[in-house]
Amino acid sequence: MGLRLRWITILLGGVFLAIRSAPAHEFPHTFEARPKPPPTIDPGPDAARLRIRLTDAASGQPTSATVCVNRGDQEPDDHPLAEYGLRRSANRLKGAIRLRDIRYYFFADGSCEVRVPAGPATIEVRKGYEYRPAEVTLTVSANETVDVHVALERSIDMAALGWYSGDTHIHLERTGRNDDALLAVTSAHDIRYACLLSMNTRGYDQGGQKYESVFQHTGLGEATLARRGIYHITSGQEYRATRLGHVTLALPDRYVPGDGVSDDTNKGPSLATIADQTHALRGFIGLNHGGYENQEADRLLLEGKMDFLELLQFGEYRSLGLQGWYDFLNLGYRLPIAGASDFPPTRELSSEMTYVWSETVPTPRSFVEAIRAGRSFATSGPMLFLTVAGERPGAILRHPPGTAVTLAVEVRVHSPQYPVRYLDLIMNGEVVERRFAAEGRTEWVLRHHLPLRGSCWIAARAYGDAGTDAHTNPVYVYRGDARPFNATSARRIIARLDGSMATIPISAIVTRLGELKTELNNLIRDPRRTNLPLPAVKP
């Protein structure tokens, strides 16, 4: 039978065969490691061919995206990006993100060709959280070739609103020859600023071959910048000490020296030393995986050593959790959180990311500077906007003591892919107002007039079914020269310090934890007098 040719164009908002939103969730899984992926299904000798072309609807230019054909049953025969697809590199069913219906997809850089059996066929195309997912259904005949054009359209253009996406924790190796492939993969999830990290195992050899993996062969820092249009990749490192914790080092000029080559990072140095070394190398440091209790997390945060706390990951607030983060805010710290995926150990590349606010298009350095300043929100889907008296997250508002002030607060949500059921306005860790919609909402607006009765921090959270969450960083409001203070939060940190002192094997770190415990007890007795490096209230 001769080949028959057909050409189809799918334009969102235009004429199409079939397009609809894919279901958002599936039944829970219990796997903690990567399950064995099902094999693809051979379409047989009389297979039809789908020649799929992907463009951006606004520009008309080719674009990269993730593609799922016949619910994941078929993939391209000759596929240059196959190693990054879910069958080979991810789909780990950890955390709340495991509940999402994410079928096995592959990455396509503008086009792909897939053989499928005759009969009904489906094509699902996605590109991050800002683009509308496209699902095309059609019927193909044996030996037929069908050209399908899918033009992807944004449901919201965050950059046009001054918000830029990024993921500071991705483990993809840079060989010096694969930057174009890496940019195709990261741009397929619409990650404008991607930080690719090497990581050491139980020892440390400063980027050498003994303990380092996921090599960044082009070096570290700003000199490693590669870009494709609006998309950027740079190289950094994850420094790991099992008994102390893990940290992300973004944009250091080179690998931190540590204590030199070491067979056991559990013997030191302190992660506080690693933080100092990172800053000396012009880098930024973030506490990974929510910090982990009974490690060095609370010490690093109390000393102000961390530029950010990587809290939202695997679709949940890990380790110290929201309450642990709120504890530090309730002492008066200005501590920003970030969302980061830790791909490929997680379910999907950039399932969690951070959006930062910038008046101009950021550089990789100014992007991380915005994270450090808290001009951002963390998300696993919802776009979440907060203003307090017209100011965005990270802003500092000051009012004289004794003045009567009512703050106008507005929270907006845009989340067409993963509807949210709850919208919370939070002050000093307590929910001031909560909205609830049993069926979930894709758009939401909350307006509130908040009387100011003392110094506080104000943030917003939107969340739905498991794996769908977003949290803004706070707006900080001072009345007079006082900071927010909550003695219960201080006592919770003290309890965590006790746990760390009982488990950390390095005596110098244990001694320092004891000193910080004393400082917290002093703070409980007099919140206005402390040697802790709390940020200044007055400019």
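Up top you'll find the structure we're talking about.
Note that the structure is predicted; figures quoted are calculated from it, not measured.

A. Structural detail: the overall build of the protein. Helix and strand counts for the protein come out as 8 helices and 29 strands. At 24 Å, the protein has a C-alpha radius of gyration in line with the 24 Å of a compact globule built from 539 residues. Considered along the principal axes of its C-alpha atoms, the protein spans approximately 85 × 55 × 40 Å. Residues classed as buried in the protein amount to 60% of the 539 residues present. Sequence separation of 24 or more characterises 75% of the internal contacts of the protein that already satisfy a separation of 6 or more.

B. Molecular detail of the pairing of strand β2 (residues 48-56). Bridge count for β2 against strand β5 (residues 111-116) is 6 bridges, and the pairing is antiparallel. Residue pairing across strands places Leu50 opposite Val114, the latter belonging to β5. Judged from the 8 bridges that link them, β2 and strand β8 (residues 144-152) form a sheet pairing that is parallel. Bridge pairing in β8 links Leu50 to Val146.

C. Structural context of the environment of Thr511. Take Thr511: it is sitting in helix α8 (residues 507-525). With 360 residues separating them along the chain, Thr511 and Ala151 place their C-alpha atoms 60 Å apart.

D. Main features of the side chain of Asp205. Its place among the elements puts Asp205 in the loop between β10 (193-200) and β11 (212-213). Within polar-contact distance, the side chain of Asp205 engages the backbone nitrogen of Gln209 at 3.4 Å.

E. Broad picture of the pattern of salt bridges. Enumeration according to the criterion identifies 35 salt bridges in this entry. Note that Arg512 and Glu303 form a salt bridge whose closest N and O atoms lie 2.5 Å from each other. Remark: Glu303 occurs in the loop between α4 (297-302) and β16 (308-313) and Arg512 occurs in helix α8; sequence separation between them is 209 residues.

F. Quick look at the nonpolar core. In this structure, Leu384 and Val411 are the most contacted members of the largest nonpolar core, which totals 60 residues. If we ignore the near neighbours within four places in the chain, the residues touching Leu384 are Phe377, Val411, Arg412, Val413, Leu423, Ala460, Arg461, Ala462, Ala470, His471 and Thr472. Counting residues in each nonpolar core, the second largest holds 55 residues, with Leu320, Tyr476, Leu516 and Leu520 among its members.

G. Spotlight on helix α3 (residues 271-280). By the burial criterion, the buried members of α3 are Leu271, Ala272, Ile274, Ala275, Gln277 and Thr278. Elements in contact with the buried residues of α3: β13 (231-241), β14 (245-250), β15 (284-287) and α4. Arg282 sits one or two residues past α3 and shows a positive phi near 65 degrees.

H. Quick peek at the sheet that holds strand β23 (residues 405-414). Strands sit in the order β21-β23-β26 across an open sheet of 3 strands; the sheet is antiparallel. Pairing within the sheet leaves two strands with one partner each, and these edge strands are β21 (383-388) and β26 (443-452). Each strand axis lies, on average, 15 degrees off the axis of its neighbour in the sheet, ignoring direction. Relative to β26, β23 is paired through 10 bridges, and the arrangement is antiparallel. Along β26, the bridge assignment pairs Leu407 with Leu450.

I. Main features of the side chain of Ser376. In this fold, Ser376 is placed in strand β20 (residues 376-379). With relative accessibility at 0%, the residue Ser376 sits in the buried group. Here the side chain of Ser376 touches Asn473 through a polar contact of 2.9 Å, side chain to side chain. Every residue in contact with Ser376, bar those within four places of it in the chain, is listed here: Trp163, Ile337, Thr354, Tyr355, Val356, Ile371, Pro393, Thr472 and Asn473.

J. The packing of helix α5 (residues 321-329) against helix α7 (residues 487-503), seen in detail. Direction vectors running N to C along α5 and α7 enclose 120 degrees, while the axes themselves pass 8 Å from each other. In this view, α5 runs oblique relative to α7, as classed from their interaxial angle. Crossing handedness for the pair α5 and α7: left-handed. Taking contact as the criterion, the partners of Gln323, Gly324, Tyr326, Asp327 and Phe328 in α5 are, on α7, Ser489, Arg492, Ile493 and Arg496. Residues that form the contact of α5 with α7 fall into these classes: 3 nonpolar, 3 polar and 3 charged.

Definitions and cut-offs
Residues numbered from 1 in each chain as written. Predicted model: local features only at pLDDT ≥ 70, side-chain atom pairs only at ≥ 80, totals over all residues. Heavy atoms only, no water. Helix = DSSP H or I, 4+ residues; strand = E, 2+ residues; numbered from the N terminus. Rg over C-alpha atoms; globule rule 2.2 N^0.38 Å. Buried < 20%, exposed > 50% of the residue type's maximum accessible area, 1.4 Å probe, protein only. Contact = heavy atoms within 4.5 Å. Pairing = 2+ DSSP bridges. Polar contact = N/O pair within 3.5 Å; in protein donor to acceptor, adjacent residues only side chain to side chain. Salt bridge = Lys/Arg side-chain N within 4 Å of Asp/Glu carboxyl O. Core = buried A, V, L, I, M, F, W, Y, C linked by side-chain atoms within 4.5 Å. Axes fitted to C-alpha atoms, helices over the stretch in contact; angles between N-to-C directions. Parallel < 35°, antiparallel > 145°, perpendicular 65-115°, else oblique. Left-handed = near helix turned anticlockwise from the far one by under 90°. Nonpolar A, V, L, I, M, F, W, Y, C, P; charged D, E, K, R; others polar.

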